[in-house]
Amino acid sequence: MITETSAVSFRQNLGEMLNQVQYRHDSIVINKDGKPVAALVDARLFERIRRMQSRFDALCQRIEGGFAGVPEAEGMAEIDAAIAQDRVQAGSSATRR
């Protein structure tokens, strides 16, 4: 479960919120002036997020390397064409249902 709280309430109830995260594996979004600024998550979830970030960064580097010699306009046109084709395919499969 994801709970939202203000920064003031978070400060006042830190121990309870740590227990909520540790034992119930909940996540807490901390808002300041009504906007989310931080999150308190279970340490195992945080480690998974870090691993995923590392894999995502490595994938981005591979993609950048593969397209290093392609002019930006050409690459963007290729991406736009792939998105348009995917939307057409998604639309035709939705109408078949």
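Residues numbered from 1 in each chain as written. Predicted model: local features only at pLDDT ≥ 70, side-chain atom pairs only at ≥ 80, totals over all residues. Heavy atoms only, no water.

Student: I would appreciate a short explanation of the sheet that holds strand S1 (residues 2–6) in the present structure.
Tutor: Consider a sheet: its strands pair through backbone hydrogen bonds, and that pairing is either parallel or antiparallel. Across the sheet, three strands lie side by side as S1-S2-S3; this open sheet has mixed pairing. One side of each edge strand has no neighbouring strand; the edge strands of this open sheet are S1 and strand S3 (35–40). Taken over all neighbouring pairs, the strand axes of this sheet differ in orientation by 30° on average, direction set aside. Where strand S2 (residues 27–32) lies against S3, five bridges are found, and the strand directions are antiparallel. Looking at the pairing, Asn31 lines up with Pro36 of S3. (Pairing = 2+ DSSP bridges. Helix = DSSP H or I, 4+ residues; strand = E, 2+ residues; numbered from the N terminus. Axes fitted to C-alpha atoms, helices over the stretch in contact; angles between N-to-C directions.)

Student: Would you explain helix H3 (residues 43–66) in this entry?
Tutor: The first and last C-alpha atoms of H3 sit 35 Å apart over 24 residues, in line with the 34 Å expected at 1.5 Å per residue. Between a side-chain oxygen at the N-terminus of H3 and the backbone nitrogen of Arg44 the separation is 2.9 Å; the capping residue is Asp42. (Expected span 1.5 Å × (residues − 1). Polar contact = N/O pair within 3.5 Å; in protein donor to acceptor, adjacent residues only side chain to side chain.)

Student: Just to check I follow, could you spell out the pattern of salt bridges for this structure?
Tutor: Between side chains of opposite charge, pairing is possible as soon as their charged atoms come close. Scanning the model with the defined rule gives three salt bridges in all. For Arg44, the salt bridge identified is with Asp42, shortest N-O distance 3.4 Å. What makes Arg44 exposed here is its relative accessible area of 55%. Relative accessible area serves as the criterion here: at 11%, Asp42 is assigned to the buried category. (Salt bridge = Lys/Arg side-chain N within 4 Å of Asp/Glu carboxyl O. Buried < 20%, exposed > 50% of the residue type's maximum accessible area, 1.4 Å probe, protein only.)

Student: Sorry, what's going on with the nonpolar core here?
Tutor: Note that soluble globular proteins tend to have their nonpolar side chains buried in a common cluster. Judged by nonpolar contacts, Phe10, Met17, Val21, Ile28, Ile30 and Leu40 together constitute the single largest core of six residues. Mapped by element, the contributors of at least two residues to this core are helix H2 (14–24) and S2. Among residues more than four places away in sequence, those in contact with Phe10 are Thr5, Met17, Ile30 and Leu40. (Core = buried A, V, L, I, M, F, W, Y, C linked by side-chain atoms within 4.5 Å. Contact = heavy atoms within 4.5 Å.)

Student: Even after reading the chapter, I still don't get H2, so can you show me in this structure?
Tutor: Owing to its 3.6 residues per turn, the α-helix brings residues three or four apart onto one side. Of all the positions in H2, only Met17, Gln20 and Val21 are classed as buried. The buried residues of H2 occupy one face: seen down the axis, they fall within an arc of 90°. Facing away from the buried side of H2, by more than 90 degrees, are the exposed residues Glu16 and Tyr23. Just downstream of H2, His25 is the residue with a positive phi angle, here 60°. (Arc of directions from axis to C-beta.)

Student: Which parts of the structure should I look at to understand unusual backbone geometry?
Tutor: The phi torsion of most residues other than glycine is negative, and most of the peptide bonds are trans. One non-glycine residue, His25, adopts positive backbone phi at about 60°. Topologically, His25 is positioned in the loop between H2 and S2. We note that Asp33 has phi near 55°; this positive angle belongs to a residue other than glycine. Along the chain, Asp33 falls in the loop between S2 and S3.

Student: How should I be thinking about the side chain of Ser27 in this particular structure?
Tutor: Looking at the secondary structure, you find Ser27 in strand S2. Once residues within four sequence positions are removed from consideration, Ser27 is found in contact with Met1, Ile2, Thr3, Leu40, Val41 and Leu45.

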